[in-house]
Amino acid sequence: MELRHLHYFLAVAEERHFGRAAERLHMAQPPLSHAVKQLEGELGVTLFERTTRRVELTPAAELFLQRVRGILAAVESAKTDVARAEAGVLGRIALGFTGSVTYELLPRLSRVLREELPDVELELFGEMLTPRSVAGLVDGSLDLAFLRPPVRQAGLAVHVIRREPLIAVLPEQHALARSQTVPLGGLAEEPFVFYPSHFRSVVHDAVLNACRNAGFEPRQKHEVGETSTLVAFVAAGLGVALVPASVRHLQITGAVYRPLADTTEEVALALAFRSDDESVLLRRVLACVHSLVGWPRRASASVSRPQP
C-alpha cells in the first residue's frame, strides 16, 4: 500500500466525486479511478458505491477513512518533527555535572535550556566524578559534561570555562567558624573529610597540595564520592573539608563555608563533549552555555590526548 493511494482515497472520500477529487489532486480522472481500484483490490473490500452523480462510502470505507486521516496526520507530524530535529530544536540531550557545581550551575543551565529549547528533552546527571563523566561521553550516554580536568581520553573536546578557589567547610560549632577567613594551617590537627582518592577526584589532589603547601599532611578520616554527603559529614562534626567555592550554594544545616586566608590553590571547571559530534542540537546547547557562563563559543576545541 503506497502513501499516495491513501491521499487518493482521502480526496475521493471527502469530495464524494472522482472528477472533483482528480482536480484537487491535479491529475486526470482515469489514473485516479485505476489507483482506487488497486487499493480496493489490495484491501479486498469495496470502498465506494459509484453512481452517475455521486460517490458514497461503504461502511468499510467509513472506518478506513478514520484510520487514513490518522495515518496521514502522523506522517505530517513525523515530517515536521524530523525537520525540527534537523534544525536542533527537538531531541534529547544528556548532561553530566561534577558534584561541586550540581547545586549552582545545573539549576541555572536547566532553566536556560528549558526557556531556549522547550521541546528538547533534558537528562541531567549530578554528582558525577570526572572518570564517570568521561566514560559516559565515550559510550554515548552523555552528550556534554561539566567536569574537573585534566582529561586523559582521546576524542574529547575539553574547554576550561572557569577556575575557582578552594574554601573551607566547617562544623558551625568549630572555633574558626565565626572567623571571616580561615588560615589553612589552623586546620592541621583536624580530621578531614575527602573526596575519593586514587585519581578519581581532581579536588582530592588539590586539597592535598594545598595542605602540604601549608606545611602539614591532612589526617584523612572519611572519603566520600558525593558533595552533599561530604558537607553532611562535616555538619555532623565528623571533620572539616576543603571544597571548590561553588559548593557554598549547597546549604546544609550545621555546616558553614569560609574563604581560606593563605592559599591560592584553585581547581578548574571544564566543559567536555565528543570532538566529532556535529549535532546541531549540541551547538544550540553550547550557545546556551556560552550565554550563561561566557564560554567562548567559537574557540577551537582542544582534544585531550592520552598522557604517559
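Whatever comes next refers back to the structure up there.
Our subject in this report is the structure included herewith. Keep in mind it's a predicted model, so treat the numbers as computed, not measured.

## Describing the packing of aromatic side chains
Two measures describe an aromatic ring pair: the distance that separates the ring centres and the angle between the ring planes.
And step 1. In the structure shown here, the tally under the stated rule is 6 aromatic pairs.
And step 2. With 6.1 Å between their ring centres and 80 degrees between their planes, Phe-18 and Phe-48 make a pair best called edge-to-face. Residue Phe-18 is found in helix H2 (residues 18-25), and its partner Phe-48 is found in strand E1 (residues 48-50); the two are separated by 30 residues along the sequence. This pair shows no difference in class: Phe-18 is buried, exactly as Phe-48 is.
And step 3. An aromatic cluster is present here, built from Phe-9, Phe-18, Phe-48 and Phe-64 joined pairwise through their rings.

## Quick word on the nonpolar core
And step 1. Ranked by size, the top nonpolar core spans 38 residues in total, and within it Leu-166, Leu-187, Phe-192 and Leu-242 carry the most contacts.
And step 2. It is helix H8 (residues 202-213) that contributes the most residues to this core, 6 residues altogether.
And step 3. Every residue in contact with Leu-187, bar those within four places of it in the chain, is listed here: Ala-168, Leu-170, His-174, Leu-176, Val-182, Phe-192, Phe-216, Val-240 and Leu-242.
And step 4. Residues Leu-117, Val-120, Ala-157 and Cys-288 belong to the second largest nonpolar core, which totals 25 residues.

## Overview of the environment of Leu-113
And step 1. Looking at the secondary structure, you find Leu-113 in helix H6 (residues 105-116).
And step 2. Using a relative accessible area of 1% as the deciding quantity, one classes Leu-113 as buried.
And step 3. Residues Leu-113 and Leu-39 lie 74 residues apart in sequence; the distance between their C-alpha atoms is 47 Å.
And step 4. The residues contacting Leu-113, other than those within four sequence positions of it, are Leu-95, Pro-118, Leu-122, Val-285 and Cys-288.

What counts, and at which threshold
- Residues numbered from 1 in each chain as written.
- Predicted model: local features only at pLDDT ≥ 70, side-chain atom pairs only at ≥ 80, totals over all residues.
- Heavy atoms only, no water.
- Phe/Tyr/Trp six-rings, centres within 6.5 Å; stacked < 30°, edge-to-face > 60°.
- Helix = DSSP H or I, 4+ residues; strand = E, 2+ residues; numbered from the N terminus.
- Buried < 20%, exposed > 50% of the residue type's maximum accessible area, 1.4 Å probe, protein only.
- Core = buried A, V, L, I, M, F, W, Y, C linked by side-chain atoms within 4.5 Å.
- Contact = heavy atoms within 4.5 Å.

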